[in-house]
Amino acid sequence: MSVGAAVRRVRAYGGQFLLLAVLTLVVTLLISGVPRLVNRLAEQGLRAQLNSEPAARRDLSYTTSPGAATARRTAMGDAAERFDALAAEMPPKVRSAVTERWYSVETTATRVVGPDLKARNLLVDMGLRAMPDIQGASTLVEGTWPSETYVPDRPIEVALDVDVARKLNLRAGSQLRIGNTDDKGRLVDGAPLAVTGLFRPVDRANGIWDGLPQLLRIIEPRGDGEPFVIVGVVAQSPLNKRAAAGWPIQSSWRYRLGVDRIDARELDQLIDGLQVMERNQPAGITLTQGVDVPLRAFAAQIDAVRTLLAVIAAGVLATLAGLIVLAASLATRRRRSEFALLRARGGGATAGARRSLAESVLVVPVAAVLGWWLGTLFPGAPDPTTPYVIAVTVLVTLALPLATLAVPAGGAARRDLIRVRPSARRITVEVSLLLLAGLAAVLLRRRGLTLGEVDPLLVSVPVLLAVAAAVLALRAYPWPLLLVSRLAARTRGSVAFLGTARAGRAAVAAPLVVVVLAIGTAAFCAVVAAGVDASRERAAAQIVPADAVIRGERFAPDTLDEVGRLPGVQAVTRVLYEDDERLASDELGTDASIEQTDVLLIDGSGLDTVARDSQVDLPVPAALRTAGPGPGPLPAIVSPAVAADLAKAGLDDSAFISVQGQRYEFRVAGTADGFPLLAANASRFVILPWQALPTRNTTPVPTSLLIAGDPLDAEALRVAGDQGQERYQRDGTVTGRERPIGVTVDTRADVRRDLGEGGANGVLAFGFVAGAAGGTLLGLLAIAFTVLAGARARGQVLSRLRTLGLSRRQWRGLLLVELTPLVAVSVLTGALVGAVLPLLLNPVLGLSAFTSGVPVRVAFEPSLVAAVLALGAVALGFAVAVEALNNRRLRLGEVLRLGEES
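Residues numbered from 1 in each chain as written. Predicted model: local features only at pLDDT ≥ 70, side-chain atom pairs only at ≥ 80, totals over all residues. Heavy atoms only, no water.

Trainee: Please set out the packing of aromatic side chains residue by residue, giving values where relevant.
Mentor: Going through the model one piece at a time under the given rule, you end up with five aromatic pairs. Plain terms: the ring middles of Phe 83 and Tyr 255 are 5.5 Å apart, the flat faces sit at 20° to each other, and that makes the pair stacked. Highlighted residues: Phe 83 in helix H3 (residues 75-88) and Tyr 255 in strand E10 (residues 249-257), separated in sequence by 172 residues. Seen from their ring centres, Trp 145 and Phe 199 are 5.6 Å apart, and the 25° between their planes marks the pair as stacked. Taken together, the residues Trp 145 in the loop between strand E5 (138-143) and strand E6 (156-161) and Phe 199 in strand E8 (residues 187-201) connect sequence positions 54 residues apart. For Trp 145, a relative accessible area of 18% gives the class buried. (Phe/Tyr/Trp six-rings, centres within 6.5 Å; stacked < 30°, edge-to-face > 60°. Helix = DSSP H or I, 4+ residues; strand = E, 2+ residues; numbered from the N terminus. Buried < 20%, exposed > 50% of the residue type's maximum accessible area, 1.4 Å probe, protein only.)

Here you go:
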């Protein structure tokens, strides 16, 4: 068997081998390219998430407690030595992610006095900090830097940020004294201190300025009689001398993780390394880090989306495998007479297979290498996919020879008949397939999926269920067609009868399975995407059950009216939230020995109004909405855990809980698993109706305000909230009059946008779009195979009927009647599989990582019906077009020649 002969046969059947090559190229392209693209999208999502956080969030900060310096070395020398040692002790993944690092030694903030401060009656505490490279990161504006040469009896030289100095009436040359104070606040054992220079940072975003307390800002007094707190820069030698003299010092070392150094594929190793660091903290040193929080959140999303992508990929690759089998079967069917002649001339049983193998070797490996190379051009880090590409190449190369071996040795029997009683072999295979699909589904629900990992059996459950559904559809659909055919036989005309009869006898088992696989994958992606989108809407309403919410510490009672007068505001209601409150068994406060509980105080009718005006579906329990002032306990909605604890303690009819220092009696009027404004994982809470509180001298004040309106000015809401907190502070209600933290304003639209755009949502969207589009396109291609599989037989029948007087219009009607059941059954079965699969897989996919912890619920989507009908119409039109094109190519008059058959 020469290579030249094989080349000539490939050229003679170029269309068939081109189709096989294209399918091979697509498979290897997906295997080598899609992982790269997923890694790229994951990397972009991780960078975007980390960049949205403050840069200091990525710091690993080591600090010592304030104390005396080590006697055996200088303070700065000890800090420098530990600086390198701490970095060397980090786990490799953490150490490789560090891009910037700083260390410093500082004294605790102590009182400073001087004429310039006294001129404005300023009370100031100052800490002294020495840190390398400070001069390179700043520009001297006035004076000189502190001298590194220590001179006894010389004032401590310090440099200040120019803005800090001017706000405190300080300048280069200001003379101060620094030291401890007595009980009356008078300075004792003070040391002279001189401001020698003022500097300005070159880049305020430089991480060197992020040490706490910061060099570039003043810590405002927390209350009356409290001092301003600042930090000044001193040289290393004077600080060493002060430390040696017994001044308490604190050393700190900061290591910043670079966004570009964190690999999204190695998040688990990085998080594990951070855990190891927290467990193995050096003695006397405290580690503070918060980067693991966004890393864990992103890792949860990536694990969930990788599992989902594995399920989608299983469906797409199974569809492609089915198409390859169909292509190989169609090619060998067209060459059946050639292989029969080869056997008749004395060829062995494997002669045709060897010939097909030689032809495949010329085509498939080249297409596979080309697909693999194109995949390497995709952006992103590569995954080790070469073994999979090699395995696919070998399997596809063997597909054509194996299909050739399956060709009957002595011609072909009629393929347009359906046996009433299928063979025992077929029944065994189909029953085994159904049992395997059911067993895999049970294992999936019991074992679940390990997010981020691929279990071949459990990930293949969708494929098995789709194939099982296709088998059932194959068994069921001929019987209704038989009934319709009998009814059509009693009517005038032959189109309906002939079309339904041929559709009922069509042998389309393999093509139908592939169509169901493809359409099922597309429908699965569409249903899950719709479920995630709807769950994000619910999550946004859970976080902000209105158009906007103002969150703060405590607002003055008139803040409600002030906000209500802002432009665009339609309704406002008050909310009070306090966490970790103790339950009592009586009004005296006797501990009920029940775990601490969160308490939420709402105005039921006001919340109902705001939710309705904001078009939020929030059914407020009647016990909260209709409650009014009166004797007896307040009706409360509690979580199931709290209800169980109260029932166990015999307090479900009467218990007490503290709200802003006031104790209120309540009874359990109902239970709820969750409620808006509470965390999605909140398991212990008590919700009380604000409007039903008894009248007392001290009334609760809100901690949040819910607003309905359109349009809303977020900045105006923020200003009104801050002013409300300041008015509450001026009333003198808060002991010590601590400065409140500024309010936060969240709108439901912003929350919804953040849920859909942050983290690994880009990877998730890619999976949904690629799965839906790929499944639809492959489904249409499988329908084309379904049409082509019986094209020659239909061509023969059509040619005979045309000689008997069948018009062109009747031919089109016959074709439409014959193809409609096949297309309808395949599309509807695939859509049904795609709609049912999410109900089975949703609990194990972990998609709540994309909805702020709110469980994802998938339900029937009316739009899916329209989409299926539209897809069915497109598929039917595509099938008719393929049939018409094929008939035009075959020239129907030629298909009646002897030996021309499917």
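Having seen the structure, we can now continue with the description.
Trainee: Before we move on, can you summarise a positive patch on the surface with the specific residues and values?
Mentor: A cluster of basic residues, Arg 166, Lys 167, Arg 200 and Arg 204, forms a positive patch on the protein surface. Take Arg 166: it is sitting in helix H6 (residues 162-167). (Patch = residues over 30% accessible without salt bridge, like charges linked within 9 Å, V, L, I, M, F, W, Y side chains within 5 Å. Areas by Shrake-Rupley, 256 points an atom, 1.4 Å probe, with all protein chains shown as cover. Salt bridge = Lys/Arg side-chain N within 4 Å of Asp/Glu carboxyl O. Lys, Arg positive; Asp, Glu negative; His and termini not counted. Charge placed at Lys NZ, Arg CZ, Asp CG, Glu CD.)

Trainee: Which residues make up the packing of helix H8 (residues 267-279) against helix H9 (residues 292-334), and what values go with them?
Mentor: H9 packs onto H8 with a crossing angle of 145° between their chain directions and a minimal axis gap of 10 Å. In this structure, H8 crosses over H9, and the sense of that crossing is left-handed. Across the interface between the two elements, Leu 267, Asp 268, Leu 270, Ile 271, Leu 274 and Gln 275 of H8 pack against Asp 292, Leu 295, Arg 296, Phe 298 and Ala 299 of H9. Its residues assigned to classes, the contact of H8 with H9 comprises seven nonpolar, one polar and three charged. (Axes fitted to C-alpha atoms, helices over the stretch in contact; angles between N-to-C directions. Left-handed = near helix turned anticlockwise from the far one by under 90°. Contact = heavy atoms within 4.5 Å. Nonpolar A, V, L, I, M, F, W, Y, C, P; charged D, E, K, R; others polar.)

Trainee: Describe the environment of Gln 214, listing the residues and the values that go with them.
Mentor: Note on placement: Gln 214 falls in the loop between E8 and strand E9 (228-233). Here the alpha-carbon distance between Gln 214 and Val 231, two residues 17 residues apart in the chain, equals 7.0 Å. Gln 214 has contacts with Trp 209 and Val 231, leaving out every residue within four places of it along the chain.

These values are about where atoms sit, not about what they do.
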